[in-house]
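Architecture and fold: a report
One-letter residues, chain by chain:
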Amino acid sequence: MNPHPPVTSDASKAVTPQALREQYESGATVDELVTASGLSYGTVLNRLHDAGTVMRTSWQTRRMRQNPQARRRLAARLRTLYEQHGATLTELAATAGETRRGARRLLIEAGGTVRTTQQTLRMRAAARAAERHKVALSLRARYEAGATVPDLAREHSYSIATVYRLLHQAGTHMRAQHHHGPAHTPRKRP
């Protein structure tokens, strides 16, 4: 026999399982219920279970507390970055301040479809090719306006070979090469 039975206050009896459940389902966390009620963590959990409460994960609680409009706007922004700009899930996570998994969840909530790694690589390669073509056309315009290949290479921090390759890809009609040095006279054979 225990000579010192556990002390139960009237306040702890007044915190009914149903009252705890209502607060929990309104968005309170178990820790917040413990602080507000003065009950132990285990007692709060037991009373929630007695009331038939469906427990949430921590991310579900964060999601529930987040402003739904702000969440929808963030999800839509992430979808745009993902689909139109070729961002990866890692980049979306950094933008949203989330984990990759959280960013993926937001993307799907916004109606996006997750790409495979190969699809992302192809998408980025196509974007780089389009950008390179734009640069090639810009170099061609400058070259046809009179700029020299070495000048273009210096301006764009490219090698001369890269400038020639880009000009060739843009279909540029090249000027005749000039040899700036002493004139070469052909040797006569004895």
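Residues numbered from 1 in each chain as written. Predicted model: local features only at pLDDT ≥ 70, side-chain atom pairs only at ≥ 80, totals over all residues. Heavy atoms only, no water.

A word on the overall build of the chain. When helices and strands are tallied, the chain shows eleven helices and zero strands. Residue burial in the chain is summarised as follows: out of 190 residues, 26% are buried. Across the chain, the fraction of contacts at a sequence separation of at least 24, relative to all contacts at a separation of at least 6, is 56%. Carbon and sulfur atoms provide 54% of the accessible area of the chain, an area that totals close to 13700 Å². (Helix = DSSP H or I, 4+ residues; strand = E, 2+ residues; numbered from the N terminus. Buried < 20%, exposed > 50% of the residue type's maximum accessible area, 1.4 Å probe, protein only. Contact = heavy atoms within 4.5 Å. Areas by Shrake-Rupley, 256 points an atom, 1.4 Å probe, with all protein chains shown as cover.)

Although it is not a glycine, S157 adopts a positive phi angle of roughly 55°. Here S157 is to be found in the loop between α10 (149-156) and α11 (160-169).

Let's shift gears to the packing of aromatic side chains. Applying the stated criterion across every chain yields a total of zero aromatic pairs. Over the aromatic face of Y143 sits the side chain of R175, whose NZ or CZ is 4.0 Å from the ring centroid. (Phe/Tyr/Trp six-rings, centres within 6.5 Å; stacked < 30°, edge-to-face > 60°. Lys NZ or Arg CZ within 6 Å of the ring centre and 35° of its normal.)

Taken over all residues, the pLDDT of the chain has a mean of 83, while the share at 70 or more is 86%. Across the chain, helix α4 (residues 41-50) holds the top mean pLDDT of 93, while helix α1 (residues 10-14) sits lowest at 53. Scored below 50 in pLDDT, residues 1-11 makes one contact in the model with residues more than four places away or belonging to other chains. (pLDDT = per-residue confidence, 0-100.)

What follows deals with the packing of α10 against α11. Working note: a packed helix pair is described by the angle between its axes plus the distance between those axes. Where α10 meets α11, the closest approach of the two axes is 9 Å, and the angle between their N-to-C directions is 105°. Here α10 lies roughly perpendicular to α11, going by the angle between them. Taken together, the residues of α11 that come into contact with α10 (itself represented by V149, P150, L152 and A153) are I160, V163, Y164 and L167. Its residues assigned to classes, the contact of α10 with α11 shows eight nonpolar, no polar and no charged. (Axes fitted to C-alpha atoms, helices over the stretch in contact; angles between N-to-C directions. Parallel < 35°, antiparallel > 145°, perpendicular 65-115°, else oblique. Nonpolar A, V, L, I, M, F, W, Y, C, P; charged D, E, K, R; others polar.)

What follows is about helix α6 (residues 68-84). Residues separated by three or four positions in an α-helix point in the same direction, a consequence of the helix having 3.6 residues per turn. Over its 17 residues, α6 extends 24 Å from the first C-alpha to the last, a length consistent with the 24 Å expected when each residue adds 1.5 Å. Among the residues making up α6, those that are buried are R71, L74, A75, L78 and Y82. Down the axis, α6 shows its buried residues gathered within 100° of arc, on one side only. Across α6 from its buried face, at more than 90 degrees, point the exposed residues R72, R73 and Q84. Tucked into the core, α6 has its buried residues touching α5 (58-65), α7 (89-96), α8 (100-109) and α9 (117-144). In the segment just after α6, G86 is the residue with positive phi, at about 75°. (Expected span 1.5 Å × (residues − 1). Arc of directions from axis to C-beta.)

A few words on the pattern of salt bridges. A side chain with one charge may pair with a side chain of the opposite charge, provided their charged atoms come close. If you walk through the whole model with that rule in mind, you get eight salt bridges. Of the charged contacts, one joins R79 and E83 as a salt bridge, the two residues approaching to 3.0 Å between their closest N and O atoms. Remark: E83 and R79 occur in helix α6; sequence separation between them is four residues, near one turn of the helix. Residue R79 is classed as partly exposed on the basis of its relative accessible area of 29%. Assessed through its relative accessible area of 32%, E83 is described here as partly exposed. R142 is paired through a salt bridge with E155; the nearest N and O atoms lie 2.5 Å apart. Taken together, the residues R142 in helix α9 and E155 in helix α10 connect sequence positions 13 residues apart. We classify R142 as partly exposed; its relative accessible area is 33%. We classify E155 as partly exposed; its relative accessible area is 46%. (Salt bridge = Lys/Arg side-chain N within 4 Å of Asp/Glu carboxyl O.)

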